[in-house]
Amino acid sequence: MAKRVAIVGAGVSGLASIRCCLEEGLQPTCFERSDDLGGLWRFTEHVEEGRASLYKSVVSNSCKEMSCYSDFPFPEDYPNYVPNSQFLEYLKMYANHFNLLKCIQFKTEVCRVTKCPDFTVTGQWEVVTLNEGKQESAIFDAIMVCTGFLTNPHLPLDSFPGINTFEGQYFHSRQYKHPDIFKDKKVLVIGVGNSGTDIAVEASHVAKKVFLSTTGGAWVMSRVSESGLPWDMLFMTRFHNMLRNSLPTPVVTWWMSRKINSWFNHANYGLAPEDRTQMKEPVINDELPGRIITGKVLIKPSIKEVKKNSVIFNYTPKEQPIDIIVFATGYTFAFPFLDETVVKVEDGQASLYKYIFPAHLEKPTLAIIGLIKPLGSMIPTGETQARWAVQVLKGVNKLPPRSVMIEEVNARKENRPSGFGLCYCKALQSDYITYIDELLTDINAKPNLFSMLLTDPRLALAIFFGPCTPYQFRLTGPGKWKGARNAILNQWDRTLKATRTRTVQESPFPFAILLTLFLVLLVAVFLIFL
């Protein structure tokens, strides 16, 4: 059984891993190379090596009820979609509440993690760290890597002929912090992802002209869904997930595209994805269609050629003058402190069982947490991974034989469409609820809706038809939280409280009811005299 656990990184997954280790009686030591916790959510004016970087205006794409830790809701007065500064405050509240800071060594870089000579027997690791120029070495029973996948910018300059002749400014979106640099400039943003659209929209408020270039298009959604409610609280329910996964993929993709197009027709705005059979991560942006329809952002195809002070887009021979190019072209990831014989990254993914454990290791004592892209929030996903991994590290749960794990890893890599539900065909993509339930089942923490329907029908119906909030993951099993039931039943109250900042008296007899009664009466009269 592992006792001393080294955790690399004090971001959202690192904090969850510390908490899970403490909860199960292990002794975690977390190494954080920067001077504070928060990872991605800690804004700094300058990019820090080895740490994810964000811009000043970043707001969460998943609402607070869906993106909290499973036993620690956001404060009620927080907005439903949380700005990065408040998100960092929440992470600090979590760390203080569960006394996690005592386990974190700040300004400490992990230089090397290697197997001990007797690894096949003990499963132990040697961890070499660097703190203020001083190198130290220590032995740990297990390792949990929580460094994320947004640290190494992907800058494919070879794919842009003529970029070396460009006399303007160009940089990766990782370098972007404020829109001031775009004032009165002609700006080109390459890549229609969340960062690319955010930057294009922000630039459009100050720039002379903004182009947004896309190769394959994207679905764009607003945070605000039906009746003004958070999109993910309506989309991410067990009922809808079961319905989607029971229907043929063409039917699901047609229904999804119809639903998304009800906000605005993506084809008319030049955004419709070319491949509509696969589920790309939707772009969450509340302003983009408004900026396009007012001519502030112009959607363009991919780049054919870059010249000294202009670009030529494919299918449009006219040159467009450009001052600044922003490459919102995503990220690659690596584990520089691990040897490739431990974890090898190929084609944007690693050979990890359940996206967590290297399948080939003689001893399952190294876990990668947070290396997955679910259609859902990363906080509860990483936390559930950590809970599951800790049970394995403790020896409570056993992994299957190596051959079985490798077979599953290869199957996930192939990503063969099942023909039903959404098609997740990109590396690391996963169905959020299905994946979480897999892990919860292994640690006996998945709620049993059938028995609950007999003992607590109100809760069972809220779990099945309501949003799949993280509190569901703490109703039973290890780490059971007594406040989970109440949190689930009151989740809509907390959601509405954030927007009901002015009391409005509702009409006691709404017009809709009056109209319905009139129509019923009219039909009744018609039937009587028929």
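Residues numbered from 1 in each chain as written. Predicted model: local features only at pLDDT ≥ 70, side-chain atom pairs only at ≥ 80, totals over all residues. Heavy atoms only, no water.

A. Structural view of the overall build of the protein chain. Scanning the protein chain from N- to C-terminus turns up 16 helices and 26 strands. Here the C-alpha atoms of the protein chain give a radius of gyration of 25 Å, agreeing with the 24 Å that 2.2 N^0.38 yields for 530 residues. Principal-axis analysis of the C-alpha atoms gives the protein chain an extent of 90 × 70 × 45 Å. Classification of the 530 residues of the protein chain by burial places 50% in the buried group. Considering only residue pairs separated by 6 or more positions, the protein chain has 68% of its internal contacts joining residues 24 or more positions apart. A total of about 25300 Å² of accessible surface is found on the protein chain, and carbon and sulfur atoms cover 55% of it. (Helix = DSSP H or I, 4+ residues; strand = E, 2+ residues; numbered from the N terminus. Rg over C-alpha atoms; globule rule 2.2 N^0.38 Å. Buried < 20%, exposed > 50% of the residue type's maximum accessible area, 1.4 Å probe, protein only. Contact = heavy atoms within 4.5 Å. Areas by Shrake-Rupley, 256 points an atom, 1.4 Å probe, with all protein chains shown as cover.)

B. Summary view of the sheet that holds strand E4 (residues 108-115). Taken together, the 3 strands give an open sheet; going across it, the order is E4-E5-E6, and neighbouring strands pair in antiparallel fashion. Of all the strands in the sheet, just E4 and strand E6 (134-140) have a single pairing partner and so form its edges. Put simply, the sheet's adjacent strands are angled 20° from each other on average, direction ignored. Note: E4 against strand E5 (residues 125-131), 7 bridges, orientation antiparallel. The residue bridging valine 113 from the neighbouring strand is valine 127, located in E5. (Pairing = 2+ DSSP bridges. Axes fitted to C-alpha atoms, helices over the stretch in contact; angles between N-to-C directions.)

C. Representation of helix H7 (residues 249-261) in the model. Here H7 is 13 residues long and its end C-alpha atoms lie 18 Å apart, about the 18 Å a rise of 1.5 Å per residue gives. Looking only at H7, the buried set comprises Thr249, Val252, Thr253, Met256, Ser257 and Ile260. Summarising the axial view, the buried residues of H7 lie within an arc of 125°, below the 170-degree limit, and thus occupy one face. Turned more than 90 degrees away from the buried face of H7, the exposed residues are Pro250, Trp254 and Arg258. Contacts made by the buried residues of H7 are with strand E12 (220-221), helix H5 (231-235) and helix H6 (238-246). (Expected span 1.5 Å × (residues − 1). Arc of directions from axis to C-beta.)

D. Looking closely at the nonpolar core. Judged by nonpolar contacts, the single largest core of 141 residues is most densely connected at Leu15, Tyr69, Leu91, Met144 and Phe182. Counting residues per element, this core draws most heavily on helix H9 (residues 378-394), which supplies 7 residues. Counting contributing residues per domain, this core is built from domain 1 (4-151 + 333-435) and domain 2 (154-329), each supplying no fewer than three. (Core = buried A, V, L, I, M, F, W, Y, C linked by side-chain atoms within 4.5 Å. Domains from an automatic or database assignment.)

E. View of a nonpolar patch on the surface. Residues Leu243, Leu247 and Val251 make up a contiguous nonpolar surface patch of about 210 Å² in total accessible area. Relative to the assigned elements, leucine 243 resides in helix H6. (Patch = residues over 30% accessible without salt bridge, like charges linked within 9 Å, V, L, I, M, F, W, Y side chains within 5 Å. Salt bridge = Lys/Arg side-chain N within 4 Å of Asp/Glu carboxyl O.)

F. Layout of the environment of threonine 151. Tracing the backbone through its elements, the reader meets threonine 151 in the loop between strand E7 (142-145) and strand E8 (152-153). The sequence separation of threonine 151 and tyrosine 331 amounts to 180 residues, and the corresponding C-alpha distance is 7.0 Å. The residues contacting threonine 151, other than those within four sequence positions of it, are Gly50, Arg51, Ala52, Arg174 and Tyr331.

G. A look at the side chain of glutamine 391. Along the chain, the position of glutamine 391 falls in helix H9. A distance of 3.3 Å separates the side chain of glutamine 391 from the side chain of glutamate 24, its partner in a polar contact. With near-sequence residues (within four places) excluded, glutamine 391 lies in contact with Glu24, Val396, Asn397, Ile443 and Pro478. (Polar contact = N/O pair within 3.5 Å; in protein donor to acceptor, adjacent residues only side chain to side chain.)

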